[in-house]
Amino acid sequence: MNKHTAPDLTSTKITGGVAVNLRHDSAHKHVTGEAVYIDDMPEPAGTLHAYLGLSTVPHGAITSMDLSEVETAPGVVAVLMAGDVPGENDVSPTGARDDPIFAEGEVQFLGQPIFAVVAETREAARRACRLAKITYDEKPFVIDILDADRNNPRLVTKPMKLERGEAEKAIAAAPRRLKGQMRVGGQDHFYLEGQIALALPGEDMDVTVHSSTQHPSEVQHMVAHALGIPSHAVTIEVRRMGGGFGGKETQANLFAAVAAIAAKRTGRPVKLRPDRDDDMIATGKRHDFLIDYDVGFDEKGNILGVEFTYAARCGFSADLSGAVTDRALFHCDNAYFYPAIRAVSVPLYTNTVSNTAFRGFGGPQGVVGAERIIDEVAFALGKDPLEIRKRNFYGETDRNVTPYHQRVEDNIIHRLVAELEESAGYAARRREIAEFNAQSAVVKRGIALTPVKFGISFTATQYNQAGALVHVYTDGSVHLNHGGTEMGQGLYVKVAQVVAEEFQIDIDRVKITATTTAKVPNTSATAASSGSDLNGMAAQNAARQIKNRLIDFAVTHYDVPREQVVFLPNRVRVGNQEIPFADLVRQAYMARVQLSAAGFYKTPKIHWDREKGRGHPFYYFAYGAACSEVSIDTLTGEYVVERADILHDTGRSLNPVIDIGQIEGGFIQGMGWLTTEELVWDEKGMLRTHAPSTYKIPLASDRPKIFNVKLATWAENAEPTVHRSKAVGEPPFMLGISVLHALSDAVASVADHKIFPCLDAPATPERVLMAVERLKREASR
Amino acid sequence: MTAIRHEIRFLLNGLKMDLDDVRPDQTLLDYLRLERRLKGTKEGCAEGDCGACTVLVGRLAGDTVLYEGVNACIRFLASLDGCHVVTIEHLKRPDGSLHPVQQAMVDFHGSQCGFCTPGIVMSLYALWMRTPHPSDRDVEKALQGNLCRCTGYEPIVRAARALSSYGNPATDPLSLERETIIAALKAMRDGTRVEIGGGRERLVIPANLDDLAAILEAEPNATIVAGSTDVGLWVTKFMRNIAPAIFIGNLEELRTISEANGTITIGAGVSYSDAFSHLSRRLPALGQLIDRIGGDQVRNMGTIGGNIANGSPIGDTPPPLIALGATLTLRRGQGRRTIPLEDFFIAYGKQDRQPGEFVEAVHVPLPTPETRFAVWKVSKRRDEDITAVLGAFALTVGPDGTVASARIAYGGMAATPKRALAVETALIGKPWTMDTVEQALPAYERDFTPISDMRASAAYRMMAAKNLLRRFFLEMSGTSKPVTISRYEEAV
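Chemist: So what's going on with the overall build of chain B? Which residues, and what values?
Modeler: If you tally the helices and strands in chain B, you get 19 helices and 21 strands. In terms of C-alpha radius of gyration, chain B reaches 23 Å, essentially the compact-globule figure of 23 Å for 492 residues. If one aligns the C-alpha atoms of chain B with their principal axes, the spans along those axes are about 70 × 55 × 40 Å. Going through the 492 residues of chain B one by one, you find that 63% of them count as buried.

Here it is in structure tokens:
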């Protein structure tokens with residue numbers, strides 16, 4: 001609310017401190033349509049519109065490019081190609097120099113940008129794009145993981161290996177052994193607001209870009225590289241995104257770079273917004289994986305040794321695939337202790353769009369592998385998968401070393417799962433389901449309870465730093481800025497709560513402001529669930545600096561001992577008197593006290609040696625568990641999620657209602673990934689699912705019919721994070737895995753749980769029916 | 001010859017608009033965002049699937065005005081002649097306070113990134129006016145056409161459940177001002193033809209059905225635009241020129257449903273939503289199918305006539321209508337002919353429609369009491385998805401327990417909606433038993449050679465198609481319950 005009201009000087013508690021339910025700061029603007037996204041900003045007079053021309057073959061040398069009709073089309077002002085990039089024609093985020101803005105000489109996937117048209121209107125630019133005549137000398141291409149050469153694969157980046165103990169020996173010596181393979185599909189982010197950038201040329205070399213990005217600093221660097229100018233000439237600003245989910249971490253770079261190049265070339269503002277189809281065709285997605293596993297175990301179900309190979313479709317360039325496939329390996333254990341483990345990644349080059357960050361960043365694919373082997377071991381032994389899960393959980397004091405040699409020191413999975421098992425009525429429902437299935441020929445039910453343990457921190461240690469900028473004005477109102485970006489997750493309100501708490505002022509005294517590279521430099525992406533951990537601490541640090549100066553001032557000015565300066569709600573007690581916060585600030589100003597501070601934070605404890613596969617890459621772990629029940633129709637493979645129960649750990653939550661929103665949304669998004677969201681490429685390398693008509697994310701009617709979500713309110717972070725809270729962005733995504741396993745359980749019932757369904761993901765109705773049919777066939781043999 | 005007007009007239013929120021420079025392919029969304037600078041309505045997909053652009057369109061229906069959610073992205077501006085367009089900007093009260101639907105969404109934390117939110121508010125607004133005390137099923141149906149990627153919908157559903165405690169639709173401005181709005185809209189309906197632009201920018205809104213017949217006879221290559229749920233995409237996705245375009249959405253004569261002598265006649269301009277209330281009473285299986293076509297926005301726009309005329313192999317209404325033995329009336333000028341619906345579909349992209357001809361009505365014989373009729377749609381996602389396989393069955397069993405008649409038709413199995421004639425033959429005259437069903441299944445291979453695409457593989461289509469016959473038998477015989485999953489209490 002924007003109403004300007006005088007702060008309450010008698011209250012015992014401020015409004016909007018930490019650990020309270022507080023609505024999203026923009027909620028009112030969301031529901032009225034007044035929240036401004038980049039495409040809603042008033043366009044400066046003379047604004048031009050750019051549109052991208054994309055390749056039409058998956059791999060080939062460009063033999064000719066005739067853009068004459070494009071150039072002379074109505075409204076066209078400029079056409080840009082690789083040669084028009086003043087600086088470097090590259091937006092690769094890791095310096096691999098394999099990610100051209102415009103393809104030069106060769107195209108490597110169908111949909112790769114080759115040129116851009118700049119025109120008076122977006123429609124004119126879009127129409128002109130279609131007039132290009134480009135010919136190719138087509139080359140052989142690899143689309144699918146299965147098409148890649150497994151013996152001598154082309155990789156986009158260096159693979160990783162995690163090893164602890166001697167897995168091969170342990171597996172060979174184990175009483176039981178099984179091998180298998182699983183496909184797990186990719187996922188489009190389907191942020192509702194597509195990629196967009198609006199570039200405003202300035203004087204000298206300057207350019208300001210409004211970019212829908214999770215990583216303003218990287219966009220700044222990329223725009224600077226592309227223009228061949230210093231970073232100081234480039235300012236990136238983003239107030240909010242209409243969803244990100246990782247899809248605007250590196251993928252915003254190209255759009256901002258093109259808009260900036262066009263703006264500097266024409267001297268006019270330029271906006272670039274692809275339509276939904278181009279957005280889905282030309283930007284990266286979640287990596288799909290082929291997971292090979294070999295596991296040794298005993299008759300009780302104790303896992304003794306595991307070998308994993310995680311092969312990923314990375315697309316034509318490295319992008320973040322190295323870190324993504326690394327994180328898949330970091331999560332191949334999920335919550336389980338492997339006495340001996342060897343896991344390797346295979347980041348495959350394919351002639352598809354370069355895959356990228358997506359909520360969980362490879363972690364979910366890692367966890368899917370872990371849960372798959374647990375399920376299959378349980379099957380082999382005829383035991384309830386939950387029993388095998390619990391049996392293999394990390395210990396609290398022993399059996400607690402991960403495949404990357406970090407000790408799990410904050411394990412709460414035992415209690416969490418026990419509580420959920422109880423509250424969800426797992427055992428009774430499993431019995432009821434068995435009875436139901438015995439009576440029901442067509443409809444079958446299934447249930448599964450799966451855990452999540454997710455490592456928090458960027459595995460690239462340098463990203464675990466953040467900055468904030470806090471100003472206190474002389475009326476006691478506060479301007480807050482930090483490096484984190486708002487994409488709907490509620491980061492801005494959480495950080496504002498931290499600052500309000502620090503100063504003990506009502507949250508409406510804290511102004512949330514757009515993220516900009518001009519206020520806080522060298523920021524990390526708002527990614528890896530790190531937003532509130534990093535930026536909350538940085539903002540707290542900035543506020544504390546100012547607070548300490550105010551205390552110093554009060555001590556001197558009022559001649560009181562330090563401990564007699566106490567911040568109360570909207571006021572400060574100094575000795576025996578209470579002074580309104582604004583008054584003390586005003587007095588401090590008069591005494592020439594600096595009322596602005598840049599805050600900083602870096603995560604302690606963490607280190608990682610990728611070559612050795614050893615270290616302490618994660619500051620802490622976040623935990624959760626979900627129990628899902630489904631019904632399937634064995635005639636068509638269609639299904640309904642009957643119920644889901646979730647218990648999740650967000651430490652001492654900064655804002656429980658915001659965290660629950662992340663958990664509910666994450667679960668549904670994870671469920672969508674593993675059920676109806678299917679990416680399909682045709683034999684010509686064309687992505688056929690490039691719009692919501694063909695790519696099906698969950699609807700309201702796909703929600704569990706009964707959906708119980710609770711926070712583990714007893715949990716608190718063992719590490720001194722911001723108010724002992726935990727990160728919440730990514731971990732709940734993996735709760736959706738319970739739906740895949742419930743589907744598998746229902747399928748298994750058609751063969752009396754004697755044959756393992758080997759259900760791949762996404763488990764579309766088609767995959768479910770095909771698995772049902774296979775089990776029926778094999779059972780009747 | 002009727003009088004001709006050269007502008008379209010409509011109400012936009014509280015303003016009366018007269019526009020004489022409308023292009024046939026100009027969408028309502030672009031008009032709102034680019035020309036009116038009403039930025040609350042968002043573009044998410046430009047194909048009518050995500051609902052971020054949802055606005056309400058009020059149209060005269062008899063003596064009242066009916067407000068329906070539509071997708072502004074694929075709705076053409078010209079189709080709004082005589083309508084009231086209500087956007088998100090119209091909801092906030094003059095004193096700055098929130099509308100009850102908005103307040104509920106805030107209180108229940110129904111927004112995260114906020115981009116889908118205006119569209120969701122508009123869909124809930126339409127729901128609240130129609131059904132102030134909605135069931136969960138009502139809410140889910142109202143949200144079938146709205147995608148949210150952040151919340152997982154749970155808080156939005158909570159807000160929707162609570163709507164009635166936030167306000168009474170009877171005191172909503174759209175209710176209080178209804179008489180004024182109706183009067184204004186009636187005044188715009190002057191019974192004239194509307195013509196704007198020429199050549200590649202020509203659009204026509206016929207004055208009445210005879211006028212349409214005359215115009216089309218004179219301009220046989222014109223694009224007929226009814227609900228624009230398909231033609232809209234020709235423009236937004238393929239940038240196709242649709243001029244001259246004839247907008248027929250306003251023709252009341254095409255929007256009638258009547259029933260006589262055991263046959264329901266559905267005018268070609270009847271929307272899915274209009275048809276639903278009638279069909280769900282008279283042919284419940286068909287009513288339930290319509291509930292799964294698109295989202296509310298698409299059902300409010302899209303027409304049964306368009307679903308047929310378009311000739312798509314995956315249109316949802318032709319197979320059940322064919323199974324029921326429906327016939328189609330086509331009109332050119334003053335001439336009419338009526339053909340079996342199945343004969344209309346000649347080949348992929350080719351229908352039995354002559355130049356200058358248009359689909360006027362479809363006639364659906366009600367099944368006899370002894371006829372067993374069922375239709376099932378199978379798709380990757382339950383709601384708002386395009387069919388992978390759709391099977392429709394109308395079958396009678398004689399007194400001797402043998403199959404007396406069978407009409408079975410499928411969508412998604414061939415290049416057109418198509419009858420399973422070999423399967424029918426394999427059933428007719430045989431005892432109505434599972435054995436007969438099993439023995440008839442190989443006939444599917446003679447009837448159909450489905451394709452593999454992004455929606456389903458050929459193998460899955462064939463298997464699911466066969467299993468729908470099994471399901472039909474199981475449901476009719478009552479030997480195995482339940483025969484399919486259901487999200488809701490009653491069987492679908």
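The structure having been displayed, the exposition proceeds.
Chemist: Lay out the overall build of chain A with the relevant residues and their values.
Modeler: Along its length, chain A carries 18 helices and 29 strands. With the C-alpha coordinates aligned to their principal axes, the bounding extent of chain A is approximately 90 × 75 × 50 Å. For chain A, buried positions account for 68% of its 781 residues. The contacts of chain A with a sequence gap of at least 6 include a subset with a gap of at least 24, amounting to 80%. When the accessible surface of chain A is totalled, it reaches about 25,600 Å², and 49% of it is carbon and sulfur. In chain A, which carries 84 positive and 97 negative side-chain charges, the distance between the mean positions of the two groups comes to 3 Å.

Chemist: Got a sec to walk through helix H3 (residues 117-130) of chain B? Specific residues and values, please.
Modeler: Counted at 1.5 Å a residue, the expected span for H3(B) with its 14 residues is 20 Å, and the 20 Å between its end C-alpha atoms agrees. Counting buried residues along H3(B), 13 of its 14 residues qualify, which places the element largely inside the surrounding structure.

Chemist: Account for the interface of chain B and chain A, with residues named and values stated.
Modeler: On the chain A side, the residues contacting the 83 residues of chain B number 85 residues. Summing the contributions of chain B and of chain A, the shared interface buries around 7,000 Å²; its carbon and sulfur component is 55%. The tally of links from chain B across to chain A stands at 17 salt bridges. Glu678(A) is paired through a salt bridge with Lys380(B); the nearest N and O atoms lie 2.8 Å apart. Joining chain B to chain A, the criterion identifies 46 residue pairs in polar contact (both at pLDDT 80 or more). Among the elements that take part in the side of chain B that touches chain A, helix H19 (residues 458-477) of chain B stands out by supplying nine residues, more than any other.

Chemist: An account of the pairing of strand E4 (residues 54-61) of chain B is requested, with residue identities and associated values reported.
Modeler: Residues and elements named next belong to chain B. By the criterion of burial, E4 is predominantly enclosed, with seven of the eight residues buried. In terms of strand pairing, E4 meets strand E5 (residues 64-71) through eight bridges, oriented antiparallel. Note on E5: the bridge partner recorded for Thr 54 is Asn 71. Turn length for the E4-E5 hairpin, with the two strands adjacent in sequence and antiparallel, is two residues, and the turn residue Gly 62 shows positive phi of about 65°. Relative to strand E6 (residues 84-86), E4 runs antiparallel, the two being bridged by three bridges.

Chemist: Pulling in residues and values, what's your account of the pattern of salt bridges?
Modeler: Taken as a whole, this structure holds 108 salt bridges over all chains when the rule is applied. Glu638(A) is the salt-bridge partner of Arg471(B), the closest N and O atoms lying 3.1 Å from each other. Of the two residues, Arg471(B) sits in helix H19 while Glu638(A) sits in the loop between strand E27 (620-633) and strand E28 (639-648), which places them in two different chains. Taking the relative accessible area as the measure of exposure, Arg471(B) reaches 2% and is therefore buried.

Chemist: Go over the packing of aromatic side chains with me, naming the residues and quoting the values.
Modeler: Residue and element names in this part refer to chain B. Tallied over the entire structure, the rule returns 34 aromatic pairs over all chains. Centroid distance Phe 76 to Phe 247: 6.0 Å. Interplanar angle 75°. Geometry classified as edge-to-face. Note that Phe 76 is positioned in the loop between E5 and E6 and Phe 247 in strand E10 (residues 245-247), a separation of 171 residues in sequence. Overall, Phe 247 belongs to the buried group, its relative accessible area being 3%. Ring geometry for Trp 376 versus Phe 472: centroids 6.4 Å apart, planes at 70°, classification edge-to-face. Of this pair, Trp 376 sits in strand E18 (residues 372-378) while Phe 472 sits in helix H19, and the two are 96 residues apart along the sequence. For the pair formed by Trp 376 and Phe 472, the shared burial category is buried.

Chemist: Give me the packing of helix H16 (residues 656-674) of chain A against helix H17 (residues 737-748) of chain A: which residues, what numbers.
Modeler: All names here are of chain A. Where H16 meets H17, the axes come as close as 7 Å, and the angle between the chain directions of the two elements is 45°. The pairing of H16 with H17 is recorded here as oblique in orientation. Residue-level inspection shows Phe 667, Met 671 and Leu 674 of H16 in contact with H17, the latter providing Ile 737, Ser 738, Val 739 and Leu 740. Class assignment for the residues of the contact of H16 with H17 results in six nonpolar, one polar and no charged.

Chemist: Break down the pairing of E28(A) for me, with residues and values.
Modeler: The side chains of a regular strand alternate between the sheet's two faces. Residue and element names in this part refer to chain A. Across the ten residues that make up E28, a large majority, ten, are buried. Judged from the nine bridges that link them, E27 and E28 form a sheet pairing that is antiparallel. Bridge assignment links Val 630 to a residue of E28, and that residue is Val 641. Counting the residues that bridge the hairpin from E27 to E28 gives five residues, and of these Gly 637 lies at a positive phi of roughly 85°. Where E28 meets strand E29 (residues 706-711), six bridges bridge the pair, whose relative direction is parallel. By the bridge assignment, Leu 647 is partnered in E29 with Lys 710. Note that the unit made of E28, H16 and E29 has a crossover that is right-handed.

Chemist: Could you give an account of a negative patch on the surface, with specific residues and numbers?
Modeler: Residues and elements named next belong to chain B. Taken together, Asp 20, Asp 21, Asp 30 and Glu 35 make up a surface patch of like negative charges. Here Glu 35 shows up in helix H1 (residues 28-35). Given a relative accessible area of 48%, Glu 35 falls into the partly exposed group.

Chemist: Would you mind going over the packing of helix H18 (residues 765-780) of chain A against H19(B) in detail, with residue names and values included?
Modeler: The geometry of H18(A) relative to H19(B) is characterised by a closest axis approach of 10 Å and an angle of 70° between their N-to-C directions. With respect to their mutual orientation, H18(A) and H19(B) come out roughly perpendicular. On the side of H18(A), the interface is formed by Pro765(A), Glu766(A), Leu769(A), Met770(A) and Glu773(A), while H19(B) contributes Ala459(B), Tyr460(B), Met463(B), Ala464(B) and Asn467(B). Residues belonging to the contact of H18(A) with H19(B) are distributed by class as follows: seven nonpolar, one polar and two charged.

Chemist: Lay out the nonpolar core with the relevant residues and their values.
Modeler: Core analysis: the biggest nonpolar cluster contains 166 residues, and Phe308(A), Tyr338(A), Phe503(A), Leu550(A), Phe581(A), Ile632(A) and Phe667(A) have the highest contact counts within it. Non-local contacts of Ile632(A), meaning those with residues more than four positions away in its chain, are made with Val442(A), Val443(A), Lys444(A), Glu638(A), Tyr639(A), Leu743(A), Ala746(A), Val747(A), Val768(A), Val772(A) and Ile485(B). Within the second largest apolar cluster, 63 residues are counted, among which are Trp681(A), Ala700(A), Cys45(B) and Cys148(B).

Chemist: So what's going on with unusual backbone geometry? Which residues, and what values?
Modeler: Note the cis peptide between Ala761(A) and Pro762(A), where omega equals 0°. Inspection of the secondary structure puts Pro762(A) in the loop between H17 and H18. Residues Ala243(B) and Pro244(B) are joined by a peptide bond in cis, for which omega reads -10°. Its location among the elements puts Pro244(B) in the loop between helix H9 (231-236) and E10.

Chemist: Kindly report on the environment of Ala427(A), identifying the contributing residues and their values.
Modeler: Mapped onto the secondary structure, Ala427(A) falls in helix H12 (residues 426-439). Remark: the alpha-carbon pair of Ala427(A) and Asp384(A), spanning 43 residues in sequence, is separated by 10.0 Å.

Chemist: So what's going on with the domain arrangement of chain B? Which residues, and what values?
Modeler: All names here are of chain B. Considered domain by domain, chain B is made up of domain 1 (1-190), domain 2 (252-365) and domain 3 (371-477). Domain 1 and domain 2 are separated by 27 Å when their C-alpha centres are compared. Every contact between the two is made by 20 residues of domain 1 and, on the other side, 14 residues of domain 2. Across the interface of domain 1 and domain 2, roughly 1,200 Å² is buried in total on both sides, 39% from carbon and sulfur atoms. The largest per-residue losses of area from domain 1 upon contact with domain 2 belong to Arg 59, Lys 141 and Gln 144, which jointly make up 38% of the total buried on that side. Taken together, domain 1 and domain 2 are joined by four salt bridges. The interface formed by domain 1 and domain 2 contains ten residue pairs in polar contact (both at pLDDT 80 or more). Contributions of two or more residues to the side of domain 1 that touches domain 2 are made by E4, E5, H3 and helix H4 (136-142). Considered class by class, the residues forming the side of domain 1 that touches domain 2 number four nonpolar, nine polar and seven charged.

Chemist: Help me get a handle on the state of the cysteines, residues and values and all.
Modeler: Residues and elements named next belong to chain B. Summed over all chains, the structure comprises zero disulfides over all chains. With no disulfide of its own, Cys 73 lies 3.7 Å from the sulfur of Cys 53, the closest cysteine sulfur. Given the relative accessible area of 3%, Cys 73 is considered buried.

Chemist: I'd like a description of the sheet that holds strand E8 (residues 203-205) of chain B, backed by residues and values.
Modeler: All names here are of chain B. With respect to topology, five strands assemble into an open sheet ordered E1-E7-E8-E10-E9, the strand pairing being mixed. Edge positions in the sheet fall to strand E1 (4-5) and strand E9 (223-225), since each has one partner strand and no second. Of the strand pairs in this sheet, E9 and E10 are connected by three bridges, and their pairing is parallel. Residue pairing across strands places Ile 224 opposite Ile 246, the latter belonging to E10. Of the strands in this sheet, strand E7 (193-196), E8, E9 and E10 are in contact with helix H8 (residues 209-218), which crosses E10 at around 170°.

How each quantity is defined
- All residue numbers refer to position in the chain's written sequence, counted from 1.
- Here every chain gets a letter starting at A, and every ligand a number starting at 1, in the order they are written.
- For this predicted model, a pLDDT threshold of at least 70 governs which residues receive local features, and a threshold of 80 or more governs which side-chain atom pairs are given and counted, while totals over whole chains, interfaces and linings are taken from all residues.
- To get the side-chain values, all heavy atoms of the structure are used, and hydrogens and water are removed first.
- Strands are runs of DSSP state E lasting at least two residues, helices are runs of H or I lasting at least four, and both sets are numbered from the N terminus onward.
- All radius of gyration figures rest on C-alpha atoms, and the globule criterion is 2.2 Å times the number of residues raised to 0.38.
- The buried label goes to any residue with under 20% of its type's maximum accessible area, the exposed label to any with over 50%, and the partly exposed label to all in between, with areas taken from a 1.4 Å probe on protein chains only.
- Should any heavy atoms of two residues lie within 4.5 Å, those residues are counted as being in contact.
- Every accessible area reported is derived by Shrake-Rupley at a probe size of 1.4 Å, with residue values counting cover from the shown protein chains alone.
- Charge assignment in this entry is limited to Lys and Arg as positive and Asp and Glu as negative, and neither His nor the chain termini are counted.
- Charge placement uses NZ in Lys and CZ in Arg. For Asp and Glu, CG and CD serve respectively.
- One fewer than the residue count of a helix, multiplied by 1.5 Å, yields its expected span.
- Accessible area that two parts lose when put together, with a 1.4 Å probe and added across both, is what the buried area reports.
- Criterion for a salt bridge: a side-chain nitrogen of Lys or Arg within 4 Å of a carboxyl oxygen of Asp or Glu.
- Contacts described as polar in this section are N or O atom pairs within 3.5 Å, which, within protein, must combine one atom able to donate a hydrogen with one able to accept it, while residues neighboring in sequence count only if both atoms come from side chains.
- Two strands are said to pair when DSSP picks up at least two bridges between them.
- When the centres of two rings from Phe, Tyr and Trp lie within 6.5 Å, Trp using its six-membered ring, the rings pair. Their planes under 30 degrees apart give stacked, over 60 give edge-to-face, and anything left gives tilted.
- To obtain each axis, a line is fitted to C-alpha atoms, and for helices this fit is confined to the stretch in contact; angles are then taken between N-to-C directions over 0 to 180 degrees.
- Throughout, the term roughly parallel applies to angles under 35 degrees, roughly antiparallel to angles over 145, roughly perpendicular to angles from 65 to 115, and oblique to all others.
- For this scheme, ten residues count as nonpolar: Ala, Val, Leu, Ile, Met, Phe, Trp, Tyr, Cys and Pro. Four count as charged, namely Asp, Glu, Lys and Arg, and the remainder, Gly too, count as polar.
- Handedness of a crossover is defined as follows: orient the strands so they point away from the viewer, and if the path from the first strand over the helix to the second runs clockwise, the crossover is right-handed.
- Only residues above 30% relative accessible area that lack a salt bridge enter a patch, with like-charged residues linked at up to 9 Å and the nonpolar side chains Val, Leu, Ile, Met, Phe, Trp and Tyr linked at up to 5 Å.
- Think of a nonpolar core as a cluster: buried Ala, Val, Leu, Ile, Met, Phe, Trp, Tyr and Cys residues, connected wherever their side-chain atoms sit within 4.5 Å.
- The domain limits used here are those given by an automatic or database domain assignment.
- In this description, a disulfide is simply a cysteine sulfur pair whose atoms lie within 2.5 Å.

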